[in-house]
Structures are given as C-alpha cells and as structure tokens.
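# Remarks on the overall topology
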Amino acid sequence: MTESNRLHVSDDQLLAGLANGSDEMLEELYRRYFPMVLHLIQNNSGTEDDAKDIYQETLIVLYEKVTSDSLELHCQLKTYLYSVSRRLWLKQLSKRSRNGHSLIDTEDLADVDDDLIDHEARDRQFDLMADSLDRLGEPCRTLLEDFYIRHLSMQDITEKFGYTNADNAKTQKYKCLMRLKRLFFSVFKEE
C-alpha cells in the first residue's frame, strides 16, 4: 500500500479488508493503532512484547466479530481497539496479580461494552463542549482558553484584555464560564 493511499483508507475499508484476509489492511491496522496500545501497555506495567501479544489478541477478537457479522461499532474503530486492548491487559494483570505479582486492584473491572459506552459518552461531551466554545464567541472563548488551557495567570489575563485589575478579570472569567455552562447544557438537552 502506498503512503498516499494509507491516508484515505476508512475504518470500514480496514474492517472489510480484515474480513477478506488482506495483508495490506492488517499492516495498516498495525501501523495506525499498535502505537496507541503499546503506549497503554508500557504505561501500565507492561513491555513491548506484552503489547504485541495483547494487540494480536485484540485483532483476533476484531477478526472474529467482523467475520461472524457480530461487530456493532457505535464508536470509532480506534476507541473499540483501545477498549478491547485495555480489557485484555487488565485481565492479564489480574492473572499476574493472582500469581504473586501485586500490580493493581482489578476487582471492579467493567466489561468492554461499559468501556465503550464510557468512551462514547466522553467523546460526545468533548464534541458538545467544543461546539459550545465555538458558539461562545470572543472575548470569552480566548479568556477561558487562556486561563484553563494555556494556564495564564489572572494578572496576565488582566494585562492582555486591558481589565483595570485582577478582580475584574476574575469576574469576567466567571461570567464567561456561566455563559459557556448555559450553552453547553442547552446543546446537551438538544442531543
């Protein structure tokens, strides 16, 4: 598969290719999503070999679901693969823990469907928040981004926006935050 074609392969095309046994699509699944799983595993007491094993198991789960027509994807493929990998890794850690390795407490593990629902809900909320920020307008949007994302101090915001003092800047930030909250919940109710 050429580099330029890689960018244009959709999740549906990847799944169809996987179902048909396409080596190119399998390679693309590895290229796109293995680094995410590697990061997950290495940040949670695992090695690169562990990540390879878990990702292989994840792709087997995906392949079996795709070929049996039982895959109901209500999220991005990336989210699905992450959730399955996470669940498989937590099971692996649980087994290791029972064998004398005290790694993490996995007693209250949610199953993959719960993980997917949580990811979907979070993704939806992020989308709604982004939409609300777009609708908020200026200067509120920039003020809130400066404070919450860029971590500017109230004094920096006071100087940037020309407020007379930091208390006035705080008052304006509060008003902007309340406007954003109203916008978010009005969009949330529309959902």
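Residues numbered from 1 in each chain as written. Predicted model: local features only at pLDDT ≥ 70, side-chain atom pairs only at ≥ 80, totals over all residues. Heavy atoms only, no water.

Another point: the overall build of the protein. Helix and strand counts for the protein stand at 9 helices and 0 strands. Order of helices (α) and strands (β) in the protein, N terminus to C terminus: α-α-α-α-α-α-α-α-α. Taking all 191 residues of the protein together, 34% fall into the buried category. Here the analysis covers contacts within the protein between residues at least 6 apart in sequence; of these, 55% occur between residues at least 24 apart. Summing over all exposed atoms, the protein offers an accessible surface of approximately 12,100 Å²; the carbon and sulfur share of this is 48%. (Helix = DSSP H or I, 4+ residues; strand = E, 2+ residues; numbered from the N terminus. Buried < 20%, exposed > 50% of the residue type's maximum accessible area, 1.4 Å probe, protein only. Contact = heavy atoms within 4.5 Å. Areas by Shrake-Rupley, 256 points an atom, 1.4 Å probe, with all protein chains shown as cover.)

By the secondary structure assignment, Lys175 is in helix α9 (residues 166-190). Judged by relative accessible area, which is 49%, Lys175 ranks as partly exposed. In this structure, the C-alpha to C-alpha distance between Lys175 and Cys140, residues 35 residues apart in sequence, is 8.6 Å.

This structure, assessed with the given rule, holds 1 disulfide. The disulfide bridge from Cys140 ends at Cys176, spanning 2.1 Å between sulfur atoms. Between Cys140 and Cys176 the disulfide shows an S-S torsion of about -70 degrees. By sign, it is left-handed. Taken as a pair, Cys140 in helix α7 (residues 140-149) and Cys176 in helix α9 lie far apart in primary sequence, 36 residues in all. Judged by its relative accessible area of 3%, Cys140 falls in the buried class. For Cys176, a relative accessible area of 0% translates into the label buried. (Disulfide = S-S within 2.5 Å.)

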